[in-house]
Amino acid sequence: MDNINVLIIEDTPEQSDALIKVLTENNYTVTGVATNFADALKLFYESTVEIIIIDVFLDGKPDGITFAETINIIPNSSKPFVFLTSSQDRQIFERAKLTKPFSFLMKPFNELEILYAIEMAVEKFYAQTNVFMSEEQDTVISNDYLFIKKKNSLKKVALNEILYIEVEERYCNIITEKEKFVIQISLTKISNLLDKNKFVKTHRNTIVNTDKIEEIILADNLIILKGDHKINLSDTYKDFLKKMNILS
Amino acid sequence: MIQKIHNFLLLFVFLPSIALSQQEKGSDYFSIAIQKKAQSYKSEINFKKAQYFFLKEEWDSTLVYSMKQLNSNSDLEIKEYCHYFRGFSLKKKSLYTEALIEFDLINKSFQYYYLVDYNIGHLFHFEKKFKKAILYFLKAETEILNHKDESEIAGLYTNIGICYLHLNQFSKAEFYFKKDALLNPKQITKSVIRSNINIAGLYYEQYKDKQAIYYFKKAYTLSKNIKDFDLKQTAAFNMAVVEENRSNYKKALAYRKEAEDWKDSLNNQNKIWAVADYEKKFAVAQKQKQIKVLEVENKLKNTQRNGFFFAAIGLLLILTGGVYLYGQKVKNTKIIVLQKNKLDELNATKDQLFSIVSHDLRSSVNALKTSNAKLSATLETKNYDELNQLIIQNSTIANGAYSLLDNLLHWAMLQTKQLYFHKESVHLYSVIQQIEYNYKPLILDKAITFENSVSKNIFIFVDLDSLKIILRNLLDNAIKFSDENGTVNFYTQETDPDFCELIIHDNGIGMNENTIKELLQEGEILAKKNNSEIIGTGLGMQLCKQMIKKNSGTIAIESELNKGTKMILTFPKTRTNG
């Protein structure tokens, strides 16, 4: 599990310092602080960022919204973001609202509020609402990552590091090459959200990352994954083999 | 030869007398009777028309309308009148058999049945069935005599006499011709002269010259009193023939001359008539011209009158318009006055608010000022314990002032409708935690036990910022009105599947019914500031109420003095998709 990278766009140093303090205390990694529109774009494209915190007004101009509009134009490049604003001016909001999905936070804010706002932004961005706050689920799944809530903060796990997933009732065991941990999500949800060509069911409660398969022993109904993990293959779920290009 | 001439003359005399006896009948009591009838049957338009044309002697039209009337199935009396009209009209049109059929259709009970008999008599007369004719005439005689209309009686007797004459029953003819009504009536009319001539002719035919000459002479003398040249000429001519027969040629010549004179004067009269006619035409033309002039004048008058009329209408319209506009103006003024009063009221409220807020702010800042002075004084003495206390005190004051300002800002934005409002799914537990976070120092300071027992699975559908304002204010109040070591508890109750009930419970000083009432009162008038130090502007509560309303929620208060207060809020839940 890795920390989540946050880009801060904020022109007041006191504000950004306070933000950095709160975020680092809660295990987020701040990849950079931009104070104007140009810097923001530069930092956004240079570094890997999962979440952006944007102050609406940069140097008195609503450049924060302009930035959000800019990154929204290019498909797949957009990321979840949170607007910070000290004014509840209707006009600004009407404009900001168009940069969907839209989440904002009124200044002044406390630690809990910014963490909540970040989580909300992720949920809204990946259209999986009411996840982090509920007791049934703690993971949002994007195309590349699992975003998992751990205590007060979010963690990410790259999907291509996952070897396989074992489901036990409302919990899932995630097994990566390096570690093993438990997330809270139902089987139907996780199988719906994962890429079906990559993650396939091999057993009633097992989902395997096909990229990590090293060997399939049909005689023993066994799949051997990277790192020598042995997985049972049930007859009911053998169909996926037809789709694969198998050498030999 | 002479006899032949006499015969010719007699015939010449007879025919008009027959026609005469018929003509006179249409104009007297009978016509009045049918006019009355028509009036009493006003609804029968066809009958009225038939009657009208009958009197006008337009026989074709009479036939048409009487037929229409007969077809429309009216009462018996009208039917009989119609049959009578038809019979009479047909007779006039010389359709004798058809006329007879129509007359036969009339019942004997018909009031004027004797006229029917009389007419049938005529019909037989025309068909030269004189005996039958006489029979019908005699039938009619008694009734006609009853009506005592001389001309009618005269006509009847003339007709009977003529019939007998045709039958060569001279004595009977003489009898009728000699009737007083014919010969010595009260008024000398043409028919009297004709009757005289008739009887004279009768005697002449029988070679009773003496009597004949007597009547001819009588006719001649009577003819002098009337203006009919034709009759005068006939009388004179008859006299001439008589004198000629008596070989009194001188006299005959004189009578002849007189007859010629009358003939000439007849011609002259024709000429005069022609001239008169011409003059009449001229006069008519003149009149026509006058009429035209009058018409033009009339037209002018009309246009003038129309002009006046339109001018009057125009003036009236302008007047109505003016009245209407005036009414509108009065109405508008009324509305404006009402609005002004309301605005004044609102302005007064605002002024009051300003004074309260500025007073509060002033005292806050003043407290801060004095506290700061104290702080610097304490710093000099390096009394760190007191220093810390002072700083905490300062921050409390600053927090209070800040929340007041924040409320003021939101209230202003709400009033000017500038507040951005966006409903979304909100995790109630987290939000309460976030609000509590800011009040942690205060809670610690007062040693209040704070508990958030809200279920973590509740999501409500509200505007996040306004929810925060509501919770902040209510938590602030709960802390403010709690004693040290008190408890503030947030919890939810599930009473409705669509709504979430959030209860903020403190065990502070509570309030009485009146205060609750005042707090929940509708309207924008702020609760009056009491003497008590801890009671604020009421702005926070106003704001809460409006925000809750905007979020489609409700608020209720349960409180007991010195036991605590329960603020019960309801908010709509987020609808779970499946």
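Since the structure is predicted, the reported quantities are computational estimates derived from the model, not experimental observations.

A. Main features of the overall build of chain A. Regarding its fold elements, chain A presents 7 helices and 16 strands. Of all 248 residues assigned to chain A, the portion counted as buried reaches 35%. Expressed as a percentage of contacts within chain A between residues at least 6 apart in sequence, the contacts between residues at least 24 apart total 50%.

B. Focus on the overall build of chain B. On a plain count of helices and strands, chain B comes out with 20 helices and 7 strands. In chain B, which comprises 578 residues, the proportion classed as buried is 30%. Long-range pairs, those at least 24 residues apart, make up 62% of the contacts in chain B with a sequence separation of at least 6.

C. Highlighting the UniProt feature "modified residue: 4-aspartylphosphate" (unreviewed entry) in chain A. Residue and element names in this part refer to chain A. In the numbering used here, UniProt assigns the feature "modified residue: 4-aspartylphosphate" (unreviewed entry) to D55. Assignment of secondary structure puts D55 in strand β3 (residues 51-55). Leaving out residues up to four positions away in the same chain, D55 has contacts with I9, E10, D11, G64 and L84.

D. Layout of the sheet that holds strand β7 (residues 145-150) of chain A. Residue and element names in this part refer to chain A. Taken in spatial order, the 3 strands line up as β6-β7-β8 in an open sheet, and their pairing is antiparallel. Unpaired on one side and paired on the other, β6 (139-141) and β8 (153-158) mark the two borders of the sheet. Averaged over neighbouring strand pairs, the angle between their axes works out to 20° when direction is ignored. Lying on the sheet, helix α5 (residues 111-125) is in contact with β6, β7 and β8; it crosses β8 at an angle near 35°.

E. Quick look at the packing of helix α13 (residues 209-223) of chain B against helix α14 (residues 229-245) of chain B. All names here are of chain B. One way to put it is that α13 packs onto α14 with a least axis distance of 9 Å and a crossing angle of 145°. In the crossing of α13 with α14, the sense of the turn from one axis to the other is left-handed. Taking contact as the criterion, the partners of I213, F216, A219, Y220 and S223 in α13 are, on α14, L231, K232, A235, A236, N238, M239 and V242. Residue composition of the contact of α13 with α14, by class: 9 nonpolar, 2 polar and 1 charged.

F. Region of the structure containing helix α3 (residues 63-73) of chain A. For α3(A), every residue scored as buried is listed here: D63(A), G64(A), I65(A), F67(A) and A68(A). Those residues of α3(A) that are buried are in contact with β1 (4-9), α2 (37-46), β3, β4 (81-85) and α4 (90-97) of chain A.

G. Layout of the sheet that holds strand β9 (residues 162-168) of chain A. Residue and element names in this part refer to chain A. Strand order in this open sheet of 5 strands is β11-β10-β9-β13-β12, and the pairing throughout is antiparallel. Of all strands in the sheet, those bounded by a partner on one side alone are β11 (180-184) and β12 (199-203). Across the sheet, the mean angle separating the axes of adjacent strands is 25° when strand polarity is ignored.

H. Broad picture of the interface of chain A and chain B. Counting from both sides, the interface comprises 15 residues of chain A and, opposite them, 15 residues of chain B. Per element, the largest residue contribution to the side of chain A that touches chain B is 4 residues, and it comes from α5(A). Counted by class, the side of chain A that touches chain B contains 5 nonpolar, 5 polar and 5 charged residues.

I. Examining the pairing of strand β2 (residues 28-34) of chain A more closely. By the bridge criterion, 6 bridges tie β1(A) to β2(A) in an arrangement that is parallel. When the bridges of β2(A) are listed, L7(A) appears paired with G32(A).

J. Expanded view of unusual backbone geometry. Residue and element names in this part refer to chain A. Residue K107 is joined to P108 through a cis peptide bond whose omega torsion reads -5°. Within the secondary structure, P108 sits in the loop between β5 (104-106) and α5. Look at N27: it is not a glycine, yet its phi comes out positive at around 65°. A count of 16 C-beta atoms within 10 Å places N27 in the partly exposed class. A positive phi angle is found at E169, which is not glycine, with a value near 50°. Looking at the element boundaries, E169 is found in the loop between β9 and β10 (171-176).

K. Broad picture of α5(A). All names here are of chain A. For α5, which comprises 15 residues, the first-to-last C-alpha distance of 21 Å matches the rise-based estimate of 21 Å (1.5 Å per residue) to within 8%. In terms of burial, α5 is a largely internal element, 12 of the 15 residues being buried. Among all positions in α5, only E113, I114, L115, Y116, A117, I118, E119, M120, A121, V122, E123 and F125 are buried.

L. Molecular detail of the UniProt feature "transmembrane region" (unreviewed entry) in chain B. Under the UniProt annotation, the feature "transmembrane region" (unreviewed entry) is placed at residues 307-326 of chain B. Taken end to end, residues 307-326 of chain B is 100% helix and 0% strand, and its two terminal C-alpha atoms sit 28 Å from one another.

M. The arrangement of the environment of F132(A) in detail. All names here are of chain A. Turning to its location among the elements, F132 is positioned in the loop between α5 and β6. Judged by the 23 C-beta atoms lying within 10 Å of it, F132 is buried. On a C-alpha basis, the gap between F132 and K150 in space is 9.5 Å, while along the polypeptide they are 18 residues apart.

N. Representation of the nonpolar core within the structure. Residues I9(A), I51(A), I53(A), I54(A), V82(A), I118(A) and A121(A) are the most contacted members of the largest nonpolar core, which totals 69 residues. Sort the elements by how many residues they give to this core and α5(A) lands first, with 9 residues. Sequence-distant contacts of I9(A), that is, excluding residues within four places in its chain, are made with A34(A), A40(A), I52(A), I53(A), I54(A), D55(A), G64(A) and F67(A). A200(B), L202(B), A219(B) and M239(B) belong to the second-largest nonpolar core, a separate cluster that totals 67 residues.

O. Up close: the environment of F37(A). Residues and elements named next belong to chain A. Here F37 lies in helix α2. Given 17 C-beta atoms within 10 Å, F37 falls into the partly exposed group. Separated by 25 residues in the primary sequence, F37 and P62 place their C-alpha atoms 9.8 Å from one another. Setting aside residues no more than four positions away along its own chain, F37 makes contact with L58, D63, T66 and F67.

P. A look at the pairing of strand β15 (residues 222-225) of chain A. Residues and elements named next belong to chain A. Side chains I223 and L225 project from β15 onto a buried face, and the interleaved L222 and I224 project onto a face without burial. Taken together, the 4 bridges between strand β14 (residues 213-217) and β15 define a ladder with antiparallel strand orientation. By the bridge assignment for β15, I213 is matched with L225. In terms of strand pairing, β15 meets strand β16 (residues 229-232) through 4 bridges, oriented antiparallel. Note on β16: the bridge partner recorded for I223 is I231. Between β15 and β16, which pair antiparallel and follow one another directly, the connecting turn spans 3 residues, one of which, G227, has a positive phi of 80°.

Q. Spatial organisation of the packing of helix α4 (residues 59-71) of chain B against helix α5 (residues 76-92) of chain B. Residue and element names in this part refer to chain B. In the contact formed by α4 and α5, the axes pass within 9 Å of each other and the chain directions differ by 150°. Here α4 is positioned roughly antiparallel relative to α5, judged by the angle of their axes. You can see that α4 and α5 cross each other, and the crossing is left-handed. Residues W59, T62, L63, S66, Q69 and L70 of α4 form the contact with α5, whose own contacting residues are I78, K79, C82, F85, R86, S89 and K92.

Quick notes on the rules
- Here the residue numbers are simple positions, counted from 1 along each chain's written sequence.
- For this description, chains carry letters from A and ligands carry numbers from 1, given in the order in which they are written.
- Given that the model is predicted, a residue must reach a pLDDT of at least 70 before its local features are reported, and side-chain atom pairs must reach 80 or more before they are shown or counted; all residues, however, enter totals for whole chains, interfaces and linings.
- Here a helix means four or more residues in a row that DSSP labels H or I, a strand means two or more in a row labelled E, and each is numbered from the N terminus.
- Field definition: a residue is buried when 20 or more other C-beta atoms are found within 10 Å of its C-beta, exposed when 12 or fewer are, and partly exposed for counts in between, with C-beta atoms placed from the backbone.
- Placing a C-beta atom from the backbone of each residue, one calls two residues in contact when those atoms lie within 7 Å.
- UniProt positions are given in the numbering used here, feature names are shortened, and annotations may be inferred rather than shown by experiment.
- Here a strand pair is declared whenever DSSP counts at least two bridges between the two strands.
- Each axis is a line fitted through C-alpha atoms, and for a helix only the stretch in contact is used; angles between axes span 0 to 180 degrees, taken between their N-to-C directions.
- Left-handed is the label given to a crossing in which the near helix is rotated counterclockwise from the far helix by less than a right angle, and right-handed is the label when the rotation is clockwise.
- Residue classes follow a fixed rule: Ala, Val, Leu, Ile, Met, Phe, Trp, Tyr, Cys and Pro count as nonpolar, while Asp, Glu, Lys and Arg count as charged, and any other residue, Gly among them, counts as polar.
- Here a helix's expected span is defined as the number of its residues, less one, multiplied by 1.5 Å.
- Residues enter a nonpolar core if they are buried, belong to Ala, Val, Leu, Ile, Met, Phe, Trp, Tyr or Cys, and are joined to the set through C-beta atoms within 7 Å.
- Oblique is the label for any angle not covered by the other classes, which are roughly parallel (under 35 degrees), roughly antiparallel (over 145) and roughly perpendicular (65 to 115).

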